[in-house]
Amino acid sequence: MRQRLMMLVFLLPASGLKIKILNRLGHRIHPTARIGICWVQAVERFEIDEGVQIGNFNAFRYLKLVKIGKGSRIVMFNWFLGGSGFEPGAVDHGALRTLRMGEHAHIISMHYVDCGGGVIMEDHSWITGIRSTVLTHAFDPQNGGLILEPVTLEKAAAIATNCTVLPGVTIGEGALLAAGSTAWTRQQVAAAHLHGGVPARRLAPIEIEASLYDRHRYQG
């Protein structure tokens, strides 16, 4: 009954009343957060901090935890799925079926994010543009069975448009994965470097000015 009621509440337009009802249903959502019309199915808990914005038409399914830090945002038409975390033999090291975003982290629009193994976005990290795919599960061609490992974006890391990121990848602090690139399973993308290609390789050092991470410079 709780899940069905929660599903209906998330389909309501953004409002203070919506947040109050969701808090009564066991979530922890700051009153200044704004949550649009979203499809939410079988998500155990949302923890949403001050100033978070979740736009319309995002889908969250089969997740244990969605935790979003102060000032972060998810724009529109994104899919967040945790079903792969139910695979037989899956070991939970604390990240299984979770989406964790630090402060001022951003996911723009039309991305597919598999959170079965866990997705961790540290402060000021970005999934930009459109149509990137983040996978935390894959077939293991050497040992058989399933690779189920979290994807991590360290502080100020960025994934450009139309990228593919495979299980176990870490995008290092201040690194940029160029448009159309693929980070292979368990790749460690070096901090403060531009990586690009299929598979992605290190191209050049890069330093992104802190002011470029401020979302307000792109508004109005």
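Note: the structure precedes this text.
Residues numbered from 1 in each chain as written. Predicted model: local features only at pLDDT ≥ 70, side-chain atom pairs only at ≥ 80, totals over all residues. Heavy atoms only, no water.

**Q** So, the nonpolar core: which residues are in play, and what are the values?
**A** Of all hydrophobic cores here, the largest spans 45 residues; its most connected members are Ile54, Phe60, Ile74, Phe80 and Leu99. Contributing elements (two or more residues each) for this core: helix H1 (2-10), helix H2 (16-24), strand E4 (46-48), strand E7 (65-68), strand E10 (98-101), strand E13 (119-121) and strand E18 (151-153). The element that contributes the greatest number of residues to this core is H1, accounting for three residues. Once residues within four sequence positions are removed from consideration, Ile74 is found in contact with Gln53, Ile54, Gly55, Asn58, Phe60, Ile68, Phe80, Leu99, Met101 and Ile107. (Core = buried A, V, L, I, M, F, W, Y, C linked by side-chain atoms within 4.5 Å. Buried < 20%, exposed > 50% of the residue type's maximum accessible area, 1.4 Å probe, protein only. Helix = DSSP H or I, 4+ residues; strand = E, 2+ residues; numbered from the N terminus. Contact = heavy atoms within 4.5 Å.)

**Q** Please provide a residue-by-residue account of H1, values included.
**A** Along H1, the residues that are buried comprise Met6, Val9 and Phe10. Within H1, the buried residues cover an arc of 95° as seen down the axis, which keeps them to one side. Turned more than 90 degrees from where H1 packs its buried face, Arg4 and Leu8 sit exposed. For H1, the secondary structure elements touched by its buried residues are H2, strand E2 (34-35), strand E3 (39-41) and E4. (Arc of directions from axis to C-beta.)

**Q** I'd like a rundown of the state of the cysteines, residues and numbers included.
**A** Tallied over the entire structure, the rule returns zero disulfides. Take Cys115: it sits in no disulfide, and the sulfur closest to it among the cysteines is that of Cys38, at 14 Å. (Disulfide = S-S within 2.5 Å.)

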